[in-house]
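Listed here are the chains, written in short residue letters.
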Amino acid sequence: MLSHLAVILVGAGTLGLYLYFAAVAQLLESVGHRVLDNVRLMPLTLVSADLDALADNTDATAKTRVEQQLRRLMDVSGDWASATLVDVRGGQPRRLAGLGNEPAEGLSPEERDLWRSGAQRGVLGNVGEAARERTELSAVVNFGSGELRYVGVLRLDAASLQASLRFLRLSGLLAFLFGILLALVTSRLMAERMQRRIEALGQRCHALASGQEMPRGLPAIGDEFDRVIEEFDLVAQRLRQTAAERESALHALTESNARLESRVAERTREIEAASGQLKAEIENRLQVEALLAEAALTDPLTSLLNRRAMIEMLAQASSDSRGQGGFCMLLADIDHFKRINDNYGHNVGDKALVAVAQQLDALQGDSRHAARWGGEEFFLVLPGTALTDACRRAEELRSRVEKMTVPAAPGLRVTISVGVAELQSGEPLEDCLRRCDQALYRAKDAGRNTVVAARGNLFATMS
Ligand SMILES: Nc1nc2c(ncn2[C@@H]2O[C@H](COP(=O)(O)OP(=O)(O)OP(=O)(O)O)[C@@H](O)[C@H]2O)c(=O)[nH]1
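Every chain begins its residue count from 1, and numbering advances along the sequence as written. This being a predicted model, a pLDDT of at least 70 is required before a residue's local features are given, and a value of 80 or more before pairs of side-chain atoms are given or counted; all residues contribute to the totals for chains, interfaces and linings.

Undergrad: Quick question: what am I supposed to make of the site of the ligand here?
TA: Around the ligand sit 14 residues, and of these Phe337, Lys338, His346, Gly349 and Gly375 come closest. A run of H or I in DSSP counts as a helix once it spans at least four residues, and a run of E counts as a strand once it spans at least two, with each numbered from the N terminus. Looking at the shell around the ligand, the elements with two or more residues in it are strand 6 (327-334), helix 9 (337-344) and helix 10 (346-363). The biggest single contributor to the shell around the ligand is helix 10, with four residues. Any residue whose C-beta atom, as placed from the backbone, lies within 6 Å of a molecule or strand is termed near it.

Have a look at this one:
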């Protein structure tokens, strides 16, 4: 507001000063013209015959007539200070007649200079200086017939000029003050109107920023601010529309993401469940396969290796024990097993098989070394064992079986016949097996419950 006031003051002051000085100049010029025009009237107003009579002093009443003529000239306007008529023949001025407050010598020094400048159509004194110095303003005119003979001087009252200037100054000051007041009122009205528009724009900005409803618009007055507010409302509408669309798209995207995450989580759970199930199935399958593999190699009744597993293992065991003090095998067969089945039943027969297997198992050092070879036949491999030790072990087995009892058949006596053979150097396994089998038959033939060892192709009964 202060800046507005300063601008108004400077603007109005500059314009006022310019207009004031222009008016002063105009006033002085018009005053000068008026004085000059009036002094030019002097030769026309004064009667030449009366002038000459006065100058030549030929008529005593001439002066009165000349003064009357001068008065008529002065009466045209009320602000003349004086009028003087001077005879300048011979170059020496001599006052002839005059009215008002004249200089003592008829002409002031300035008027003498004006007269000597010799202007026929009148010469005006310095108007500006007269206004400044508050002195009378003189205008001088030379006239007469033939050689120049008369000078007329008309002087404007200093107070009159000053009164005009005062009036001008007062008018200028009033105009200046009125201009400032008008500018203040106008700028105030414009500022208020602009402020209301700016406040309306500010409220719109706030509503747009805070998401509130857009306030009602001001009555349109068709200025630039109306257009700015209109454009702003359009931009705000577009922004809100865009924001709503973006919000909607974001909402849809969030929902889509949530659905996707839910589906991913569901799928992950399904995959984890399937993976766990698959893992369990694989483990189960592996266990089953392991059990099947074991079952394929194991006799289900006695849990010893079966014949196939023993045959597969024999080659490796014989090669591993080479050079380690012999490799023997032992084949045992339950005596008269058919009778046991027949007398006690198959169930007891099975128990007898299990009991013999336990004795065999207790005798051997490695569970992989004993096998059920056939129905009631058992096989034991003894790596790193010489034939003598093998026979002793066979005898121990035979003795253990003879002394054992079978569950559910306490009175049952079970015996076995045993054949023993040692793998000879370079001998095929099949040959050694055959000799071991022959030794078993020899034990059967020898009356059963006996151990027979095969020494090469010779057989010796050990018990
Ligand atoms: N309970 C039972 N009996 C079996 C099993 N396997 C074979 N046997 C029986 O074992 C008997 C074998 O009889 P044999 O071959 O005549 O021999 P043995 O009666 O023992 O006579 P020797 O060997 O000459 O002493 C048969 O009766 C078979 O049925 C089995 O797993 N359980």
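Undergrad: Sorry if this is basic, but what is going on with the sheet that holds strand 11 (residues 458-461) here?
TA: Consider a sheet: its strands pair through backbone hydrogen bonds, and that pairing is either parallel or antiparallel. Strand pairing is assigned whenever DSSP detects at least two bridges linking the two strands. Within the open sheet, the six strands sit side by side as 7-8-6-9-10-11. Their pairing is mixed. The open sheet has two edge strands, strand 7 (370-372) and strand 11, and neither has a second partner. This sheet shows a mean twist of 20° between the axes of neighbouring strands, independent of strand direction. Pairing analysis gives seven bridges linking strand 6 to strand 9 (residues 416-422), with the strands arranged antiparallel. Each residue of the ladder has a partner; that of Ala332, found in strand 9, is Val418. Note that contacts rest on C-beta atoms placed from the backbone: two residues are in contact if these are within 7 Å. To obtain an axis, a line is fitted to C-alpha atoms, over the contacting stretch when the element is a helix, and the angle between two such axes runs from 0 to 180 degrees between their N-to-C directions. Sitting on the sheet, helix 8 (residues 307-320) touches strand 6, strand 7 and strand 8 (377-383), and the angle it makes with strand 8 is about 15°.

Undergrad: Looking at this structure, how should I read the UniProt feature "transmembrane region" (unreviewed entry) in the protein?
TA: UniProt positions are given in the numbering used here, feature names are shortened, and annotations may be inferred rather than shown by experiment. Mapped onto the present numbering, the UniProt feature "transmembrane region" (unreviewed entry) falls at residues 6-28 and 170-191. Across residues 170-191, the secondary structure splits into 100% helix and 0% strand, with the terminal C-alpha atoms separated by 30 Å.

Undergrad: Before we go on, may I ask you to explain the packing of helix 10 against helix 11 (residues 387-403) in this structure?
TA: When two helices pack together, you describe them by how their axes are tilted relative to each other and by the distance separating the axes. Viewed as axis vectors pointing N to C, helix 10 and helix 11 meet at an angle of 145°, and their least axial separation amounts to 10 Å. Remark: the crossing between helix 10 and helix 11 carries right-handed chirality. Touching Val356, Gln359, Leu360 and Leu363 of helix 10 are Arg393, Glu396, Leu397, Arg400 and Val401, all from helix 11. Class assignment of the residues belonging to the contact of helix 10 with helix 11 gives a composition of five nonpolar, one polar and three charged. Crossings are classed by handedness, with left-handed meaning an anticlockwise turn of the near helix from the far one by less than a right angle and right-handed meaning a clockwise turn. Ten residues, namely Ala, Val, Leu, Ile, Met, Phe, Trp, Tyr, Cys and Pro, are considered nonpolar, four, namely Asp, Glu, Lys and Arg, are considered charged, and the remaining ones, Gly among them, are considered polar.

Undergrad: Would you explain the nonpolar core in this entry?
TA: Nonpolar side chains in soluble globular proteins tend to be buried together. We define the nonpolar core as any set of buried residues of the types Ala, Val, Leu, Ile, Met, Phe, Trp, Tyr and Cys, connected via C-beta atoms lying within 7 Å of each other. Three exposure classes are used. Buried residues have 20 or more other C-beta atoms within 10 Å of their own C-beta, exposed residues have 12 or fewer, and partly exposed residues fall in between, all C-beta atoms being placed from the backbone. Judged by nonpolar contacts, the single largest core of 47 residues is most densely connected at Met329, Leu330, Val356, Val418, Val420 and Ala439. At seven residues, the largest contribution of residues to this core is made by strand 6. When near neighbours in sequence (up to four residues on either side) are disregarded, Val356 contacts Ile334, Phe378, Val401, Val414 and Ile416.

Undergrad: Sorry if this is basic, but what is going on with the sheet that holds strand 4 (residues 137-143) here?
TA: Overall, antiparallel pairing links the five strands, which are arranged 2-1-5-4-3 in an open sheet. Whereas interior strands pair on both sides, the edge strands pair on one side only; in this sheet they are strand 2 (94-100) and strand 3 (123-124). Of the strand pairs in this sheet, strand 4 and strand 5 (residues 150-156) are connected by seven bridges, and their pairing is antiparallel. Each bridged residue has a counterpart across the sheet, and for Val140 the counterpart in strand 5 is Val153. The strands that helix 3 (residues 62-75) touches are strand 1 (80-87) and strand 2; relative to strand 2, the one it contacts most, it runs at about 45°.

Undergrad: Would you take a moment to explain the pairing of strand 4 for this structure?
TA: Within a regular strand, the side chains alternate between the two sheet faces. With six of seven residues buried, strand 4 lies mostly within the body of the structure. Sheet topology note: the strand 3/strand 4 ladder contains two bridges and is antiparallel. Within the sheet, the bridge partner assigned to Val123 lies in strand 4 and is Val140.

Undergrad: What am I meant to see in helix 6 (residues 158-210) here?
TA: Each turn of an α-helix holds 3.6 residues, which means side chains three or four residues apart point in the same direction. The end-to-end C-alpha distance of helix 6 is 75 Å, a good match for the 78 Å that 53 residues give at a rise of 1.5 Å each. Once helix 6 finishes, Gly211 follows within two positions and takes phi at roughly 75°, a positive value. A helix is expected to span 1.5 Å multiplied by its residue count minus one.

Undergrad: Which parts of the structure should I look at to understand unusual backbone geometry?
TA: Glycine aside, a negative phi is what most residues show, and trans is what most peptide bonds show. The backbone of Ser303 sits at a positive phi, close to 65°, despite the residue not being glycine. The phi dihedral of Arg448 falls on the positive side, at around 75°, and the residue is not glycine. Here Arg448 is to be found in the loop between helix 12 (429-445) and strand 10 (451-455).

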